[in-house]
There are 2 protein chains.
Amino acid sequence: MSATSNMLVVGSVARDTIHNPAGTHDHVLGGSAVFAALAGARFVTPRLVGVVGTDFPDAEIAMLKSNGIDVTGLEVVEGDTFHWEGRYSPDLTSRESLKTELNVFADFHPKIPEAFRDTPYVMLGNIHPDLQIEVLDQMREPKLVIADTMNFWIEGTPGPLAKMLERIDVLVINEEEARQLAGTYNIVQVAEKLLQMGPRVAVIKRGEYGALLFEGDEVFSAPAYPVHRVQDPTGAGDSFAGGMLGYLAQKDSIDHTTMRSAIIYGSACASYCVEGISVEKLATVNRAQVDERYGAFANLARFE
Amino acid sequence: MSATSNMLVVGSVARDTIHNPAGTHDHVLGGSAVFAALAGARFVTPRLVGVVGTDFPDAEIAMLKSNGIDVTGLEVVEGDTFHWEGRYSPDLTSRESLKTELNVFADFHPKIPEAFRDTPYVMLGNIHPDLQIEVLDQMREPKLVIADTMNFWIEGTPGPLAKMLERIDVLVINEEEARQLAGTYNIVQVAEKLLQMGPRVAVIKRGEYGALLFEGDEVFSAPAYPVHRVQDPTGAGDSFAGGMLGYLAQKDSIDHTTMRSAIIYGSACASYCVEGISVEKLATVNRAQVDERYGAFANLARFE
């Protein structure tokens, strides 16, 4: 692990109960901030801001720390940690939420420790856009802000979402939700509309079809790694964004060529994420393995 | 156009009536052999084998000839040409068949002219697998046989389809139909199963998500060109396969590196195809434009 602490992740920290073809996985670690920070930790030592309840296992805290993650911004509040329970379809392409128990997350307002407010690379995980704005209000001129969002906020809080979009650099969003937000189907036109909403860069996540990066006149189409056996897609999108930002933070560069590489590093993290249940694979791969997979992406995409 | 006549295309020649957001396009040129031959004609002078009725316009024959296509294998039979009528969804991602009038195509048995039987590069368009086998029975040791198929044959004629698959080199198939044929979802496992059925190479077409090439241990993920305004997706898959084969025929090579380039050339042809109604765009782009789009694909996929 690098000693560079120039990346901040704010988002949910959760305990997930997942039903999938491999069985039931009860109260395993989850949450957008966790996956993003663990992916970022392949490159730098991310700072994590979030909230958990008193039920949150010490062993998970220890695991995050041993991955080099700075958890001094992780509040512990009386009560239970955010708990999500869901069931995946047999082919793992869709899922149904069975329970969403916000618990201590219901009253979460991110408090950025003074020592974190100059962090240059900031990821706003998929939480209420008002909370994402609260984070930005506490930060001092970050170099790059990446945000994720979802259908829930597109439908429920369009006003705050629009304000948030005006203040970020990179929007990372699922394809279906990108179409919903843009109100059109053609993906080139979708990207044009997203960029008109504020962000300078739009990254559209397409799951097993890879990702598209739109920046100025440049379009980059990143393949997805052909995973032979997907175990658990939970957190893939957050791992993607966290790995992407971690690489940019490590390089301390946001030029377009670095951005393309960052998309591939994010894809590499996401591909490892889905190969294990919860964080079990993502939290144990080392940088050499990430680089090896980067090489596999290069072979996947190469032509003369 | 090159003078190389080392590519043969057998398939349907049709008149299509297409309803889409741009309007109704009545009895425009269509059919798998037409799109494939026109795409191949960007690279070589393909030989076309198919059947039309006496209603088939001379102007269409003249257009095919002016594209360098050898139509001496195009039978003209008393009656009407195969006519398909369909309606596309507003976003052009799905379509509904309104009429499928086989007409003279109902009794079609491909007759390969003696002069065509040594053609090394052969494309079997999406027709009854028994007819695809009839073609192979008439050919003398082709160097590469590419075949397309669809759900109709997977469901209706699995026995003949299995026999056909044992005799071809490259299967080009839509992703959904590949999953149906393989009986599984994960695309890596799908490809493994397809390759066990006979072909040495599997090419899985993913529409706006590009294509995957599986050959031995190699996997190639080709992006799709981000078309700003799709006019008509009819024939995109046939243009892809025809362009791919045309490039291989022109290079007279089937090594893996050439195969990867061929996938991109096929994708370039498909991207032009969808930019016009029927064949209007595909039949008018020149080789320089195809090369220019190849360059755009290279920029789309590049990372360091």
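Relevant structure appears above.
Residues numbered from 1 in each chain as written. Chains lettered and ligands numbered in written order. Predicted model: local features only at pLDDT ≥ 70, side-chain atom pairs only at ≥ 80, totals over all residues. Heavy atoms only, no water.

K.L.:
Go over the packing of helix 3 (residues 129-138) of chain A against helix 5 (residues 158-165) of chain A, please, and point to the residues and values.
P.N.:
All names here are of chain A. Taken N-terminus to C-terminus, the directions of helix 3 and helix 5 make an angle of 30°; their axes are 8 Å apart at the nearest point. In terms of axis orientation, helix 3 runs roughly parallel to helix 5. Of the two elements, helix 3 crosses helix 5, and the hand of that crossing is left-handed. Contact residues: helix 3 offers Pro129, Asp130, Gln132 and Ile133, while helix 5 offers Pro160, Leu161, Lys163 and Met164. (Axes fitted to C-alpha atoms, helices over the stretch in contact; angles between N-to-C directions. Helix = DSSP H or I, 4+ residues; strand = E, 2+ residues; numbered from the N terminus. Parallel < 35°, antiparallel > 145°, perpendicular 65-115°, else oblique. Left-handed = near helix turned anticlockwise from the far one by under 90°. Contact = heavy atoms within 4.5 Å.)

K.L.:
Before we move on, can you summarise the interface of chain B and chain A with the specific residues and values?
P.N.:
Contact residues are listed per partner, giving 36 residues for chain B and 36 residues for chain A. Roughly 3200 Å² is buried in total at the junction of chain B and chain A, and carbon and sulfur atoms are behind 52% of that figure. Together, Tyr209, His228 and Phe303 of chain B form the three largest contributors to the area buried by chain B at its contact with chain A, with a combined 22%. At the boundary of chain B with chain A, the tally comes to six salt bridges. Among the salt bridges present, the one from glutamate 208 of chain B reaches arginine 179 of chain A, with a minimum N-O distance of 3.1 Å. (Buried area = accessible area lost by both parts, 1.4 Å probe. Salt bridge = Lys/Arg side-chain N within 4 Å of Asp/Glu carboxyl O.)

K.L.:
Describe the sheet that holds strand 2 (residues 14-20) of chain A, with residues and values.
P.N.:
Residues and elements named next belong to chain A. Spatially, 3-2-6-7 is the arrangement adopted by the four strands of the open sheet, whose pairing is mixed. Looking at which strands have only one partner, the edges of the open sheet turn out to be strand 3 (23-30) and strand 7 (95-101). Each strand of the sheet is rotated relative to its neighbour by a mean of 20°, with strand direction disregarded. (Pairing = 2+ DSSP bridges.)

K.L.:
Any chance you could break down the relation of the copies chain B and chain A for me, citing the residues and the numbers?
P.N.:
Mapping chain B onto chain A leaves a residual RMSD of 0.0 Å; the transformation is a rotation of 180° accompanied by 0.0 Å of translation along its axis. In the structure described here, the two chain copies are related by an operation that fits a two-fold rotation axis. In this assembly, 100% of the residues forming the interface of chain B have copies in chain A that are likewise at the interface, indicating an isologous arrangement. (Least-squares fit on C-alpha atoms with pLDDT ≥ 70 in both.)

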